[in-house]
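An overview of the molecular structure
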Amino acid sequence: MAEVNGTRLHYVAGGQGDPVVLLPGGPRTWYQFHKIMPLLAQRYRVIAVDLRGMGDSEKPAAGYDKKTTATADTTIADFDLRVAVNLRAPYFLTAALAPTMASRGEGTVINVTMAAASKGVAGIALTSAIKAALESLTRTWAAEYGPQGVRVNTVAPGVVLTPANAGMSDQMQAFAATTPAQRPAEPEEIAAVIAFLASPAASFVHGANLAIDGGMRAV
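Report follows, based on the coordinates. For clarity, every value in this text was computed on a predicted model and none was experimentally measured.

1. Quick look at helix α2 (residues 76-104)
Counted at 1.5 Å a residue, the expected span for α2 with its 29 residues is 42 Å, and the 41 Å between its end C-alpha atoms agrees. Ala84 marks where α2 bends most, by close to 45 degrees. One or two residues past the end of α2 sits Gly105, with phi positive at roughly 85 degrees.

2. A few points about the pairing of strand β6 (residues 150-157)
Among the 8 residues of β6, 8 are classified as buried, and the element is accordingly described as predominantly covered. Neither face of β6 is open: one carries Val150, Val152, Thr154 and Ala156, the other Arg151, Asn153, Val155 and Pro157, and all of them are buried. In this structure, strand β5 (residues 107-112) lies alongside β6, joined through 6 bridges in parallel fashion. Opposite Val112, over in β6, you have Val155 as the bridge partner. In this region the chain leaves β5, passes through helix α3 (residues 125-145) and returns to the parallel neighbour β6; the handedness of that crossover is right-handed. Here β6 runs beside strand β7 (residues 209-212); their pairing, made up of 4 bridges, is parallel. Across the sheet, the residue bridging to Thr154 is Asn209, located in β7.

3. Some points on the environment of Thr94
Structurally, Thr94 can be placed in helix α2. Judged by its relative accessible area of 3%, Thr94 is buried. C-alpha of Thr94 to C-alpha of Val109: the two residues are 15 residues apart in sequence and 7.8 Å apart in space. From its side chain, Thr94 meets the backbone oxygen of Pro90 in a polar contact 2.7 Å long.

4. A word on the packing of aromatic side chains
One pass over the structure, following the stated rule, counts 1 aromatic pair. When the ring of Tyr91 is compared with that of Trp141, the centres are 6.0 Å apart and the planes differ by 55 degrees; the resulting orientation is tilted. Placement of Tyr91 in helix α2 and of Trp141 in helix α3 is noted, with a sequence separation of 50 residues between them. According to the relative accessible area criterion, Trp141 is buried, its value standing at 5%.

Quick notes on the rules
- Residues numbered from 1 in each chain as written.
- Predicted model: local features only at pLDDT ≥ 70, side-chain atom pairs only at ≥ 80, totals over all residues.
- Heavy atoms only, no water.
- Helix = DSSP H or I, 4+ residues; strand = E, 2+ residues; numbered from the N terminus.
- Expected span 1.5 Å × (residues − 1).
- Bend = angle between axes of the 7 residues up to and from the residue.
- Buried < 20%, exposed > 50% of the residue type's maximum accessible area, 1.4 Å probe, protein only.
- Pairing = 2+ DSSP bridges.
- Right-handed = clockwise from strand over helix to strand, strands pointing away.
- Polar contact = N/O pair within 3.5 Å; in protein donor to acceptor, adjacent residues only side chain to side chain.
- Phe/Tyr/Trp six-rings, centres within 6.5 Å; stacked < 30°, edge-to-face > 60°.

Right under this line is the structure:
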């Protein structure tokens with residue numbers, strides 16, 4: 001556990017070298033980062049923060065692992081939790097960390113959103129709206145910190161099968177079959193794009209939103 005500007009955070013870290021901070025939100029992206037950390041740790045000191053653990057708890061908060069929720073069924077408590085995890089946390093963590101990166105003249109921030117931030121999907125109105133806001137912040141932060149050497153980008157996965165969503169496998173397989181790729185992504189495929197964005201090979205990539213959705217938004 002660490003403390004950033006008075007906020008307690010749960011995290012895992014590994015590797016040596018320049019720091020790369022990953023900001024997963026729900027358990028699905030957290031699982032994906034378990035896949036990418038060993039790859040990134042070969043070159044960087046990787047710190048993956050579990051944003052569900054923000055606050056005073058000794059372990060990541062429960063109650064976040066919901067499936068789809070109709071707009072009319074969304075409670076105020078659920079609204080506040082999702083905003084806290086997916087928007088407030090990356091906003092204030094970036095505010096705390098990006099100036100230090102800028103003072104060094106280099107750094108990278110990679111936000112993880114979702115394909116539904118740009119494509120209407122019933123049942124996830126709140127989450128998709130919050131992720132769209134994070135994509136807007138990515139562009140703003142690229143303009144704010146890019147001139148000081150800090151690259152800020154977004155990856156937007158589509159359907160990804162992980163143990164966290166195994167109970168929805170049939171529905172997700174059916175939805176993925178309508179995309180040009182005709183299948184869900186593997187977590188390693190998401191990890192590979194994040195690793196590219198964190199690497200020197202992406203040195204000219206600023207403010208991008210890279211779709212890793214099997215062509216979902218293209219058709």
